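A structural walkthrough
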Amino acid sequence: MVKINGEERNVAGKTLAEYLATTSYDPKRIAVERNGEIVPKAQYGETILTDGDSIEIVSFVGGG
Amino acid sequence: MIPTKEAWNQALTKRQGAALQKKFSSATVAICGLGGLGSDIAIALARAGIGKMILIDFDKVDLSNLHRQQYKVSQIGKYKTDALRENLLEISPYVTLETHTTRVTEENAVRLLRSSDIICEALDDAEAKAMLTNLVLETMPDKFLVAASGMAGFGSANRIQTRSVTKRFYLCGDGESDVEAVGSLVSSRVMLCAAHQAHTVLRILAGRFET
């Protein structure tokens, strides 16, 4: 299981890009942290989600 | 009359202690975006005696900004970099200010931000916020980033919070109040978020990393 934004999800084996494609996140508005480190945007397609991973997807909203 | 630098430093030391004063006065903080968040962050940091700020914004002060941004009627039409410089020097006469009247982009960000210790993301556009966040964390891993997301509307003040996403990435706001959906930004709630960001900067400099 992979913990994503606090919820356990059965997505181990998928790439981060594949997982994101199943969600409503706008790829241009997010930053993704995996086990305490930022995942470079260019590596979403090759980052394979692994059992025990802790992922946080930060989705920015407008205003400042 | 402007106080001498010695008197200024003595007054700050009396309030904050010599050890903190030294950390604050030797720090360089970059602020990307000088709207509601950025202008408020800069004022809080100037009052705390931050030694140097890098201020970046492409825009001019507009009448429609005055409801929440720290500018004056007399400054309408001026570049925000120039107007904020005037306002900050009235508060903190010995702060060093480096201003860049430009938009932060993937091409210029590293050059503009290279000499900073801590970077505040204070832009208004969600895509620009994400771009800057990813760029800083990917290409400048030695910096701290203090970003903001979610401060629009009239939601509770108590929902504006600070949390650490990674050891170098702090995020302030309620995480969801989007100005595009909510339709309004009010000074009090934007100030709350800016205060969270400024306070996080000072806590990082003070070596207090717990959230």
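Summarised in this report is the structure supplied together with it. Everything numeric here is computed off the predicted structure, so don't read it as measured data.

Right, let's talk about unusual backbone geometry for a bit. All names here are of chain A. Non-glycine residue asparagine 5 carries a positive phi angle of around 45°. Structurally, the position occupied by asparagine 5 is in the loop between strand 1 (2-4) and strand 2 (7-9). Assessed through its relative accessible area of 37%, asparagine 5 is described here as partly exposed. Positive phi outside glycine occurs at asparagine 35, with the angle close to 50°. Structurally, asparagine 35 can be placed in the loop between strand 3 (30-34) and strand 4 (37-38).

The next thing to look at is the interface of chain B and chain A. Taken together, the 32 residues of chain B in the interface contact 21 residues of chain A. Summed over both partners, the interface of chain B with chain A comes to about 1,900 Å²; 59% of that surface belongs to carbon and sulfur atoms. It is Glu127, Asn134 and Glu138 of chain B in chain B that bury the most area against chain A; as a group they hold 25% of the surface buried on that side. If you look at where chain B meets chain A, you find three salt bridges. Glutamate 180 of chain B is the salt-bridge partner of arginine 29 of chain A, the closest N and O atoms lying 3.4 Å from each other. If you look at where chain B meets chain A, you find ten residue pairs in polar contact (both at pLDDT 80 or more). Residue contributions to the side of chain B that touches chain A peak at eight residues, all from helix 6 (residues 126-139) of chain B. Among the residues forming the side of chain B that touches chain A, the class breakdown is 14 nonpolar, eight polar and ten charged.

The next point concerns the nonpolar core. Looking at soluble globular proteins, one finds that nonpolar side chains tend to be buried together. Membership of the largest hydrophobic core comes to 43 residues, with the highest contact counts inside it found for Ile31, Leu45 and Met53 of chain B. Contributing elements (two or more residues each) for this core: strand 1 (28-32), helix 3 (36-48), strand 2 (52-56), helix 4 (80-91), strand 4 (118-121), strand 5 (144-148), strand 7 (169-173) and helix 8 (187-206) of chain B. For this core, the element with the highest residue contribution is helix 8 of chain B, accounting for eight residues. Discounting chain neighbours no more than four positions away, the residues touching methionine 53 of chain B are Val29, Ile31, Ala42, Leu45, Ala46, Leu88, Val95, Thr96, Leu97 and Glu98 of chain B. Grouped together as the second largest cluster of nonpolar side chains are 27 residues, Ala31 of chain A together with Leu137, Phe169 and Leu171 of chain B included.

A few words now on the packing of helix 2 (residues 18-25) of chain B against helix 8 of chain B. Residues and elements named next belong to chain B. The contact between helix 2 and helix 8 brings their axes to 9 Å, and the two run at 115°. Relative to helix 8, helix 2 is oriented roughly perpendicular. Helix-helix and strand crossings are classified by hand; for helix 2 and helix 8 the assignment is right-handed. Facing helix 2, whose interface residues are Leu20, Lys23 and Phe24, helix 8 presents Leu202, Leu205 and Ala206. The residue inventory of the contact of helix 2 with helix 8, partitioned by class, reads five nonpolar, no polar and one charged.

Right, let's get into a negative patch on the surface. On the surface, a cluster of negative charge is made up of Asp59, Asp62, Asp124, Asp125 and Glu127 of chain B. The topology assignment puts aspartate 59 of chain B in the loop between strand 2 and helix 4.

All names here are of chain B. Helix length check: helix 3 (13 residues) gives 19 Å between terminal C-alpha atoms against 18 Å at 1.5 Å per residue, within 8%. Counting buried positions along helix 3 gives eleven out of 13 residues, so the element sits mostly inside the fold. Taken together, the buried positions of helix 3 are Gly36, Leu37, Gly38, Ser39, Asp40, Ile41, Ala42, Ile43, Leu45, Ala46 and Ala48. After helix 3 finishes, the residue glycine 49 shows a positive phi value of roughly 85°.

Hydrogen bonds between backbone atoms are what pair the strands of a sheet, whose relative direction is either parallel or antiparallel. A sheet is described by the order of its strands in space; here five strands give the open sequence 2-1-5-3-4 (chain A), paired in mixed fashion. Single-partner strands in this sheet number two, and they are strand 2 and strand 4 of chain A. For strand 3 of chain A and strand 5 (residues 54-59) of chain A, the ladder comprises five bridges, and the chain directions are antiparallel. The partner of glutamate 33 of chain A across the bridge, within strand 5 of chain A, is glutamate 56 of chain A. Contacts from helix 6 of chain B reach strand 3 and strand 4 of chain A, with the element oriented near 35° to strand 3 of chain A.

Our next topic: the pairing of strand 6 (residues 161-166) of chain B. Residue and element names in this part refer to chain B. Of the pairings in the sheet, the one linking strand 6 to strand 7 comprises five bridges and is antiparallel in character. For arginine 163, the partnering residue across the bridge sits in strand 7 and is leucine 171. Hairpin remark: strand 6 followed by strand 7, antiparallel, with two residues in the connecting loop.

Conventions and cut-offs
- Residues numbered from 1 in each chain as written.
- Chains lettered and ligands numbered in written order.
- Predicted model: local features only at pLDDT ≥ 70, side-chain atom pairs only at ≥ 80, totals over all residues.
- Heavy atoms only, no water.
- Helix = DSSP H or I, 4+ residues; strand = E, 2+ residues; numbered from the N terminus.
- Buried < 20%, exposed > 50% of the residue type's maximum accessible area, 1.4 Å probe, protein only.
- Contact = heavy atoms within 4.5 Å.
- Buried area = accessible area lost by both parts, 1.4 Å probe.
- Salt bridge = Lys/Arg side-chain N within 4 Å of Asp/Glu carboxyl O.
- Polar contact = N/O pair within 3.5 Å; in protein donor to acceptor, adjacent residues only side chain to side chain.
- Nonpolar A, V, L, I, M, F, W, Y, C, P; charged D, E, K, R; others polar.
- Core = buried A, V, L, I, M, F, W, Y, C linked by side-chain atoms within 4.5 Å.
- Axes fitted to C-alpha atoms, helices over the stretch in contact; angles between N-to-C directions.
- Parallel < 35°, antiparallel > 145°, perpendicular 65-115°, else oblique.
- Left-handed = near helix turned anticlockwise from the far one by under 90°.
- Patch = residues over 30% accessible without salt bridge, like charges linked within 9 Å, V, L, I, M, F, W, Y side chains within 5 Å.
- Areas by Shrake-Rupley, 256 points an atom, 1.4 Å probe, with all protein chains shown as cover.
- Lys, Arg positive; Asp, Glu negative; His and termini not counted.
- Charge placed at Lys NZ, Arg CZ, Asp CG, Glu CD.
- Expected span 1.5 Å × (residues − 1).
- Pairing = 2+ DSSP bridges.

The values reported here are purely geometric and, on their own, carry no functional implication.
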